[in-house]
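Notes for the structure review
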Amino acid sequence: MIKMIIADDESVIIRGIQKLLDWESMGIQIVGEYTDGRQALDGILALQPDIALLDISMPGLTGIDVLRELGNHNAKTSVIFISGFQDFEYAKSAVRFGAKDYLLKPIIRSELLAALERCVPIRSEKEPLFSTEKDYSALLGMEENHYVTVTANPLFGDTDTHLKKLKQFSLMGTLEQSLKTDNAGILFEKDGHTVIVLKGMDRESALSYLSALEHRLAAATGIHICFLAAGLTDALSQIRSQYELCLAHGDIPFFSEYLKEYCFDLLSPLQNEEKSQEEKEKLCHQMEELLISQKQEDYEKTYLKLCRSICRSCSYSRENACYQFLSTLRQFAHRLAQSRISSPMLEEGRLMEQSKELSDYGQMIQLFWPAFLDLFQAVKKQALTSGRREIDVAAEYIEEHYAQPLTLEILAGVVHMNPYYFSSYFKKNTGINFKDYLGAVRLRHAVTLLVSTDRTTYDIAAACGFPDSRAFSDLFQKTYGEKPSKYRKRLRENQSVHKEDSEP
């Protein structure tokens, strides 16, 4: 725990600071409260807290006097000054005497968090995997030893950036102390990742220890940690490759909270993908039927089942999970098009970008649900709307002739409308102009060919009605943020990695 004292000559300020944050959840313990500077100095020297919140103007000794005395005693306490408006400039200048920060009353929560963060030691992310400054003697001491490399991934959720850093520091300190007390191994930082090397355990013992450790820390801190355990080795030189194996499975923590599993053995099959894929296809078919039959409650329940199935069939890859949600939405939209029902255009680019910012799989489920609900509402609207026969006919014609040279005039002729009026009518009833609608339909079919065949970009463009491969490539990049060839290569590389990882 991080120890902290508060000193202010106004008791109401002290009580306000105590209520401003949930200190215990941040791993901070308030060990002393004082109303004058002399008491504060004595308390700091006796208790040796990590942080001191000091009023700049107090009876006995001022905050500056306390800071100077701490320097004379070589105290390691980090000082944050708090002041009223009349002393604010004085507090600002006091930073040069060694204070970490200064705050103006009334204290704002976000500013206090930022100041506290400056008091937390920052570990270098450029530290080599085995630094000569790090004490690795805890790994030695046995003639023959075994090591299991583990990455520890705290699951904070949507925590404020400053609060997250404070919780991370406190949690990792508790974790490191537990390893030391248990004589189980060491903890260090590498490229922003927390790495544990357990010693003297076989794999079964290591996994059992990690599971018990996770339960213990979650009970003490309220924060879960996802542990990824790599292989067993008897040589320190092999730890780097085991660490890299953990990084290769770095998306697993994204799904951990949803699965309610926090300890993963990377050498065991994580899931039966073939069975999960069959289950997913069955659930997709059920949802399609519920979509057409308009049974909303069952539609929502089946969606949640589908989400669990996608979680099991995506190889614990965030990108793969996102792709499966999008491909399912495309499948449903195609089914509606076959039924002459116009569905909202899928904003794939926006959904893909937003999915990158999510902290867990539960949030991904929430992100995609509105798009599935929009399809349901589209069917409902179709049932309640009359006079849309022309749009249905036009949409059906586009779906059947997208590979041919289509123009607004051709479509207007099909529905027997004036081209100018049809242009306005089409946009009013679909929410999108004819050119963009046609491009989206062609792109949907092109993506299917891109991921399911080896045909060239030129052949796909021609097969889907694009005037040339450049037009196809430009629209694809505008929608997905990358060229078709790069998209295909990346997906296949991911599939290859996942396949290798799932093989015994």
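Relevant structure appears above.
Just so it is clear, the model here is predicted, and its values are computed rather than measured.

Across its full length, the protein chain carries 21 helices and ten strands. The buried share among the 504 residues of the protein chain stands at 47%. For the protein chain, restricting intrachain contacts to residue pairs at least 6 apart in sequence, the fraction spanning at least 24 positions comes to 69%.

In this fold, Asp 55 is placed in strand E3 (residues 51–55). Overall, the relative accessible area of 3% leaves Asp 55 in the buried class. Here the alpha-carbon distance between Asp 55 and Thr 35, two residues 20 residues apart in the chain, equals 9.1 Å. When near neighbours in sequence (up to four residues on either side) are disregarded, Asp 55 contacts Ala 7, Asp 8, Asp 9, Gly 63, Ile 82, Ser 83 and Lys 105.

Relative to the helices and strands, Lys 105 resides in the loop between strand E5 (101–104) and helix H5 (109–117). For the pair Lys 105 and Ile 13, spaced 92 residues apart in the sequence, the C-alpha separation amounts to 8.8 Å. With residues up to four places along the chain from it excluded, the contact list for Lys 105 reads Asp 8, Glu 10, Ile 13, Asp 55, Ser 83 and Gly 84. At 3.0 Å, the side chain of Lys 105 forms a polar contact with the side chain of Asp 8.

The subject of this paragraph is the nonpolar core. Core analysis: the largest hydrophobic core is formed by 80 residues, its most contacted members being Tyr 299, Tyr 361, Phe 368 and Phe 372. Element by element, the count of residues in this core is highest for helix H14 (residues 361–384), at eleven residues. Once you skip the residues sitting within four places of it in the chain, Phe 368 turns out to touch Tyr 303, Cys 322, Phe 325, Leu 326, Leu 329 and Leu 351. Within the second largest apolar cluster, 23 residues are counted, among which are Ile 107, Val 120, Leu 163 and Leu 166.

Attention shifts here to unusual backbone geometry. Note that the residue after Lys 105, namely Pro 106, is joined by a cis bond; omega there is -5°. The residue Gln 48 is not glycine, and still its phi comes out positive at about 50°. Examined against the element boundaries, Gln 48 turns out to sit in the loop between helix H2 (37–47) and E3. Taking relative accessible area as the criterion, Gln 48 reaches 60% and is therefore assigned exposed. Although it is not a glycine, Lys 260 sits at a positive phi angle of roughly 60°. Along the chain, Lys 260 falls in the loop between helix H9 (252–259) and strand E10 (263–265). Given a relative accessible area of 56%, Lys 260 falls into the exposed group.

With that settled, consider the packing of H2 against helix H3 (residues 63–72). Viewed as axis vectors pointing N to C, H2 and H3 meet at an angle of 25°, and their least axial separation amounts to 9 Å. Considering their axes alone, H2 and H3 lie roughly parallel with respect to each other. Handedness of the crossing formed by H2 with H3: right-handed. Note on element contacts: H3 touches H2 through Val 66, Glu 69 and Leu 70, opposite Gly 37, Leu 41, Ile 44 and Leu 45.

A complete count under the given rule lists 18 salt bridges for this structure. A salt bridge links Glu 348 to Arg 330, with the shortest nitrogen-to-oxygen separation between them at 2.8 Å. Of the two residues, Glu 348 sits in helix H13 (residues 348–355) while Arg 330 sits in helix H12 (residues 318–338), which places them 18 residues apart along the sequence. The class for Arg 330 is buried, based on a relative accessible area of 8%. Of the charged contacts in the structure, one is a salt bridge between Glu 347 and Arg 350, with a shortest N-O distance of 3.3 Å. Judged by its relative accessible area of 47%, Glu 347 is partly exposed. Take Arg 350: its relative accessible area is 37%, and that puts it in the partly exposed class. When salt bridges that share partners are traced, they join Asp 8, Glu 10, Asp 55 and Lys 105 into one network.

Moving on to the sheet that holds E5. The strand order E2-E1-E3-E4-E5 describes an open sheet built from five strands, whose pairing is parallel. With partners counted over all chains shown, the strands left at the sheet margins are strand E2 (28–34) and E5, one partner each. Along the sheet, successive strands turn relative to each other by an average axial angle of 20°, direction set aside. As paired strands, strand E4 (residues 78–83) and E5 are joined by four bridges and run parallel to one another. The residue bridging Ser 83 from the neighbouring strand is Leu 104, located in E5. Sheet contacts for H3: E3 and E4; angle to E4, the most-contacted strand, approximately 170°.

This part takes up the sheet that holds strand E8 (residues 193–199). Across the sheet, which stays open at both edges, the five strands sit in the order E7-E8-E6-E9-E10 with mixed pairing between neighbours. One side of each edge strand has no neighbouring strand; the edge strands of this open sheet are strand E7 (185–190) and E10. Each strand of the sheet is rotated relative to its neighbour by a mean of 25°, with strand direction disregarded. Bridging between E7 and E8 involves six bridges; their strand directions are antiparallel.

Below, the discussion takes up the side chain of Thr 302. Within the secondary structure, Thr 302 is located in helix H11 (residues 296–313). Of the polar contacts made by the side chain of Thr 302, one reaches the backbone oxygen of Asp 298; its length is 2.7 Å.

The next thing to look at is the pairing of E7. Two faces, one strand: in a regular strand the side chains alternate between the faces of the sheet. Within E7, six of the six residues are buried, which leaves it mostly tucked inside the rest of the structure. Between the end of E7 and the start of E8, which pair antiparallel, lie two residues, with Asp 191 showing a positive phi angle near 55°.

Attention now goes to the packing of aromatic side chains. For the coordinates displayed, the defined rule picks out 20 aromatic pairs. A ring pair is formed by Phe 332 and Phe 372, whose centres lie 5.8 Å apart and whose planes are at 80°; its orientation type is edge-to-face. On the criterion of sequence distance, the pair formed by Phe 332 in helix H12 and Phe 372 in helix H14 is long-range, its members being 40 residues apart. In terms of burial, Phe 332 and Phe 372 fall into one category: buried. Judged by centre distance (6.2 Å) and plane angle (80°), the ring pair of Phe 426 and Phe 434 falls under edge-to-face. Judged on exposure class, the residue Phe 426 and its partner Phe 434 are both buried.

Here is what the cut-offs are and how they apply
- Residues numbered from 1 in each chain as written.
- Predicted model: local features only at pLDDT ≥ 70, side-chain atom pairs only at ≥ 80, totals over all residues.
- Heavy atoms only, no water.
- Helix = DSSP H or I, 4+ residues; strand = E, 2+ residues; numbered from the N terminus.
- Buried < 20%, exposed > 50% of the residue type's maximum accessible area, 1.4 Å probe, protein only.
- Contact = heavy atoms within 4.5 Å.
- Polar contact = N/O pair within 3.5 Å; in protein donor to acceptor, adjacent residues only side chain to side chain.
- Core = buried A, V, L, I, M, F, W, Y, C linked by side-chain atoms within 4.5 Å.
- Axes fitted to C-alpha atoms, helices over the stretch in contact; angles between N-to-C directions.
- Parallel < 35°, antiparallel > 145°, perpendicular 65-115°, else oblique.
- Left-handed = near helix turned anticlockwise from the far one by under 90°.
- Salt bridge = Lys/Arg side-chain N within 4 Å of Asp/Glu carboxyl O.
- Pairing = 2+ DSSP bridges.
- Phe/Tyr/Trp six-rings, centres within 6.5 Å; stacked < 30°, edge-to-face > 60°.

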